[in-house]
Amino acid sequence: MPYLIQSLEISKENIYKLIYKLELGVNKIGRHLNSHIVLSEQTVSRQHAEIIVKPDIIIVRDCQSKNHTYVNNCQIVESVLKEGDLISFGQANFHFKTFNKREQALKNQIKELQIQIDSEQRTAEVEEVIGGLNLELLNRIAEKWKNSIVS
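Presented here is an overview of the structure given in this document. Since the structure is predicted, the reported quantities are computational estimates derived from the model, not experimental observations.

**Remarks on the pattern of salt bridges**
Tallied over the entire structure, the rule returns 3 salt bridges. Between Glu78 and Arg61 there is a salt bridge; the shortest N-O distance is 2.7 Å. Here Glu78, found in strand S9 (residues 78-80), pairs with Arg61, found in strand S6 (residues 58-62); they are 17 residues apart in sequence, far enough to count as distant. Judged by its relative accessible area of 31%, Arg61 is partly exposed. Among the charged side chains, a salt-bridge network with shared partners connects Glu50, Arg61 and Glu78.

**Looking at the side chain of Ser35**
Take Ser35: it is sitting in the loop between strand S3 (25-30) and strand S4 (37-38). In terms of polar contacts, Ser35 uses its side chain to reach the backbone amide nitrogen of Gly30, at 3.5 Å. Setting aside residues no more than four positions away along its own chain, Ser35 makes contact with Lys28, Ile29, Gly30 and Arg46.

Criteria and cut-off values
Every chain begins its residue count from 1, and numbering advances along the sequence as written. Selection of residues for local features in this predicted model requires a pLDDT of at least 70, selection of side-chain atom pairs for listing and counting requires 80 or more, and totals for whole chains, interfaces and linings are taken over all residues. Side-chain measures here rest on the full set of heavy atoms in the structure, leaving out hydrogens and waters. By definition, a salt bridge exists where a carboxyl oxygen of Asp or Glu is found within 4 Å of a side-chain nitrogen of Lys or Arg. Numbering of helices and strands runs from the N terminus, with a helix taken as a DSSP run of H or I at least four residues long and a strand as a DSSP run of E at least two residues long. Here the term buried applies to any residue with accessible area under 20% of the maximum for its type, exposed to any over 50%, and partly exposed to those in between, with areas from a 1.4 Å probe on protein chains only. For this analysis, a polar contact is any N or O atom pair within 3.5 Å, provided that within protein one partner can donate a hydrogen and the other can accept it, and provided that sequence-adjacent residues contribute only side-chain to side-chain pairs. Residue contacts follow a heavy-atom distance rule, with two residues in contact if any of their heavy atoms lie within 4.5 Å.

Laid out in structure tokens, this is it:
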């Protein structure tokens, strides 16, 4: 599911993050109480913008707002959103994040494979060393066993 994240810096030590979950369909943004995301910032229009969430694409659209909508500091009428985009409604700034479960699962699988490959390389190196030790150890045990039987 996609999200808008707003960082509010109260002081250098106190930074708060507000996370707004975007639902499938149209998500209205503005000062109007009927908006899905209600912003009290005075530079935000009552019906400032909307974000349309579809399974394969996410679009932000300005609703002829007075202070405009920006994506990555470029004024837009409509724009396709990408992971990490900076979206500004008037002076209210947000980062767009998807936290896509499938994408995250793939990233986790890649990490696991990298760990597995590293582990297999280390295991092969250890087995090579242990294999040499085991052969020596087995030869000594076999020699002692052979001597004990002969005696």
